[in-house]
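Descriptive structure summary
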Amino acid sequence: MKYKAVTLEKINKFYGDNQVLKNVDFSVNSGEVVVLIGPSGSGKSTLLRCCSGLEIAQEGDISVCGQKLLNDGVLLGDDELNELRQDVGMVFQSFNLFPHLSVIENISVAPVTLKIATKENSKKTAMALLEKVGLANKANAMPANLSGGQKQRVAIARALAMKPSVLLFDEPTSALDPELVGEVLQVMKLLAKDGMTMVVVTHEMNFAREVADRVVMIDNGIIIEQGKPDDFFTAPKHPRTQEFLHTVLNA
Amino acid sequence: MGLDLDFTPVIESFPALLDGTMITISVTIISLIIACVIGMLIGVVRSNGNSVLSCFFNVYVSVIRGTPLLVQLFIWYYGLPRVGIMLPSFLCGILGLSLYSSAYISEIVRGAIQSIEKGQMEAARSLGMSKRQGMTKIIIPQAIVRMLPPLGNEFIALIKNSALISLITIHDLMHEGTNIISTSYRDLETYLVIAVIYFVLTNISTFILRSFENRQLKSQAN
Ligand SMILES: Nc1ncnc2c1ncn2[C@@H]1O[C@H](COP(=O)(O)OP(=O)(O)O)[C@@H](O)[C@H]1O
Ligand SMILES: [Mg+2]
């Protein structure tokens with residue numbers, strides 16, 4: 001089954017006079033893992049945020065799991081948008097855990113608030129997810145007492161609690177100390193193996209090589225090149241891609 | 001020219017001062033509660049940007065903050081009857097103090113809400129929560145902790161400002177003191193005793209608020 005999880009068509013996005021996404025066509029198949037790379041300021045975050053309706057592109061169409069999120073620059077109505085967002089998980093560079101809630105409450109607050117599960121059931125689900133990300137022993141800890149890697153794993157569990165069809169990662173390991181990057185990537189690999197549809201913005205080229213079905217290079221708001229990781233990394237075609245890979249891989 | 005202090009008249013009238021103190025305490029607490037409700041509402045609306053309501057509240061806050069409390073109290077007490085609204089002085093005092101304080105509290109609320117990192121609301125929204133749910137479940141619980149210290153200051157200010165309601169014939173602590181002076185002519189002694197009572201009130205409040213804040217902090221830090 002190869003239906004599209006996310007489709008962006010002819011997306012133009014401006015901040016004032018600054019055009020950040022330029023006629024972007026981009027789609028993700030169900031079950032696919034796409035790694036999005038590109039220099040800082042090229043529009044990677046903006047592209048992800050458009051997919052979950054956190055930013056509005058002025059022109060173009062976006063569909064998520066068959067439902068129109070953006071129709072010719074017009075965003076879905078509030079209630080429907082909220083519902084659609086349950087289907088699009090987001091993991092942020094800065095974790096954005098809720099500091100006033102314990103780890104398990106961080107995971108269960110949305111399902112309970114949105115009445116998707118009873119309090120009891122959502123706690124059970126949350127425990128199972130904590131198990132999955134290896135943090136069952138931290139269920140009652142407060143976020144402030146976790147390491148960065150632990151925080152990000154909780155954030156992933158929190159996103160998973162909504163049973164999303166797609167998971168978007170915006171530089172999930174960029175804020176981490178190097179020794180904590182591995183544990184987060186490990187969890188992401190596990191999700192990929194489970195068949196989760198994922199779009200990952202990252203500078204971790206080894207992860208891309210190992211896990212991605214497709215690598216997409218965006219530069220200055222334009223998708224300039226994409227391909228299977230093997231081809232992409234061994235023989236990048238575009239000079240900007242070559243230059244970018246050169247700087248990242250020699251960092 | 002020795003200083004001839006005589007506290008006897010003040011001490012003899014102490015029951016009256018206590019009655020006045022009770023009035024001061026109750027007016028202040030009632031006003032604070034009303035001010036918190038109004039201030040919360042205005043603060044939340046204003047923190048959400050540019051609705052018509054928020055423009056209206058902007059004007060409200062700048063008018064209230066830009067004019068003396070005493071003038072406002074006189075408008076409620078002496079001005080309203082001219083347009084046919086006659087309120088008992090006690091209500092005028094509560095009205096004046098709570099409206100005045102609500103403007104300051106709304107600024108505290110707005111500041112606290114806006115101090116919460118943008119990513120918090122984004123995380124809530126990305127999980128599918130509505131703006132309102134994000135506000136009530138995620139933003140406000142965090143903002144309240146940041147509001148407590150400035151709200152404490154506002155409460156202290158309210159206790160002290162409440163002395164002005166004596167000028168619209170409410171029998172508060174200040175008013176009872178003035179009465180004692182008018183019969184005994186012991187102004188220095190009376191004002192000193194009143195000052196001490198206000199001082200005790202504000203410091204007891206500070207102490208209670210501090211311990212409350214500490215409990216809040218502890219419960220959040222687990
Ligand atoms: N809220 C914003 N307001 C104005 N400009 C923005 C905003 N967010 C991002 N930009 C601009 O859009 C461009 C792309 O940003 P972003 O998508 O964050 O890039 P990346 O994630 O690839 O580093 C940058 O030039 C950035 O300055
Ligand atoms: Mg970015």
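Let me begin by describing the structure that accompanies this report. (Residues numbered from 1 in each chain as written. Chains lettered and ligands numbered in written order. Predicted model: local features only at pLDDT ≥ 70, side-chain atom pairs only at ≥ 80, totals over all residues. Heavy atoms only, no water.)

The number of helices and strands found in chain B is 9 helices and 0 strands. The order of helices and strands in chain B, counted from the N terminus, is α-α-α-α-α-α-α-α-α. Counting only C-alpha atoms and orienting by the principal axes, one finds that chain B spans roughly 75 × 50 × 30 Å. Per-residue burial over chain B gives 45% buried out of 222 residues. For chain B, long-range pairs separated by at least 24 residues make up 76% of all intrachain contacts whose partners lie at least 6 apart in sequence. With 15 positive and 13 negative side-chain charges, chain B shows a spacing of 22 Å between the two charge centroids. (Helix = DSSP H or I, 4+ residues; strand = E, 2+ residues; numbered from the N terminus. Buried < 20%, exposed > 50% of the residue type's maximum accessible area, 1.4 Å probe, protein only. Contact = heavy atoms within 4.5 Å. Lys, Arg positive; Asp, Glu negative; His and termini not counted. Charge placed at Lys NZ, Arg CZ, Asp CG, Glu CD.)

What follows covers the sheet that holds strand 2 (residues 18-29) of chain A. All names here are of chain A. As summarised here, the arrangement of the 5 strands in space is 2-1-4-5-6, forming an open sheet in which the pairing is antiparallel. Across the chains shown, the open sheet's two edge strands, defined by having one partner strand only, are strand 2 and strand 6 (74-75). Two strands pair when backbone bridges link them, and strand 5 (residues 67-71) and strand 6 are joined in this way by 2 bridges, in the antiparallel orientation. Among the inter-strand pairings, leucine 70 is bridged to a residue of strand 6, identified as leucine 75. (Pairing = 2+ DSSP bridges.)

Looking now at helix 9 (residues 239-249) of chain A. Residue and element names in this part refer to chain A. Listing the buried residues of helix 9 in full gives Thr241, Phe244, Leu245 and Val248. Down the axis of helix 9, the smallest arc covering the buried residues is 95°, so these residues share one side. Facing away from the buried side of helix 9, by more than 90 degrees, are the exposed residues Pro239 and His246. (Arc of directions from axis to C-beta.)

Facing 19 residues of chain B, the contacting portion of chain A comprises 25 residues. The tally of links between chain B and chain A comes to 1 salt bridge. One salt bridge in this structure joins Arg49(A) and Glu122(B), with 2.6 Å as the shortest N-O distance. At the surface where chain B touches chain A, the tally comes to 5 residue pairs in polar contact (both at pLDDT 80 or more). (Salt bridge = Lys/Arg side-chain N within 4 Å of Asp/Glu carboxyl O. Polar contact = N/O pair within 3.5 Å; in protein donor to acceptor, adjacent residues only side chain to side chain.)

Residues and elements named next belong to chain B. Close contact between helix 2 (residues 14-47) and helix 7 (residues 131-161) brings their axes to 11 Å; oriented N to C, the two are set at 135°. Taken together, the axes of helix 2 and helix 7 are oblique relative to one another. Regarding helix 2 and helix 7, the two cross each other, and that crossing is right-handed. In contact with Thr28, Ile29, Ser31, Leu32, Met40, Val44 and Ser47 of helix 2, helix 7 contributes Met135, Ile140, Met147, Phe155, Leu158 and Ile159. Classifying every residue of the contact of helix 2 with helix 7 by side-chain character gives 10 nonpolar, 3 polar and no charged. (Axes fitted to C-alpha atoms, helices over the stretch in contact; angles between N-to-C directions. Parallel < 35°, antiparallel > 145°, perpendicular 65-115°, else oblique. Left-handed = near helix turned anticlockwise from the far one by under 90°. Nonpolar A, V, L, I, M, F, W, Y, C, P; charged D, E, K, R; others polar.)

What follows deals with a negative patch on the surface. Together, Asp78(A), Asp79(A), Glu80(A) and Glu83(A) make up a negatively charged patch on the protein surface. Assignment of secondary structure puts Asp79(A) in helix 2 (residues 78-85). (Patch = residues over 30% accessible without salt bridge, like charges linked within 9 Å, V, L, I, M, F, W, Y side chains within 5 Å. Areas by Shrake-Rupley, 256 points an atom, 1.4 Å probe, with all protein chains shown as cover.)

Residue and element names in this part refer to chain B. The geometry of helix 2 relative to helix 8 (residues 173-184) is characterised by a closest axis approach of 7 Å and an angle of 155° between their N-to-C directions. When the interaxial angle is binned, helix 2 and helix 8 end up roughly antiparallel. Each of Ala16, Leu17, Gly20, Thr21 and Thr24 in helix 2 lies in contact with helix 8, whose residues at this interface are Leu173, Glu176, Gly177 and Ile180. Classifying every residue of the contact of helix 2 with helix 8 by side-chain character gives 4 nonpolar, 4 polar and 1 charged.

Counting across every chain of the model gives 5 aromatic pairs over all chains. With 4.8 Å between their ring centres and 75° between their planes, Tyr77(B) and Tyr78(B) make a pair best called edge-to-face. Judged by relative accessible area, which is 21%, Tyr77(B) ranks as partly exposed. According to the relative accessible area criterion, Tyr78(B) is partly exposed, its value standing at 46%. Directly above the ring of Tyr15(A) sits Lys13(A), whose terminal nitrogen or CZ lies 4.6 Å from the centroid. The positively charged end of Arg158(A) is found above the aromatic ring belonging to Phe98(A), 4.4 Å away from the centroid. (Phe/Tyr/Trp six-rings, centres within 6.5 Å; stacked < 30°, edge-to-face > 60°. Lys NZ or Arg CZ within 6 Å of the ring centre and 35° of its normal.)

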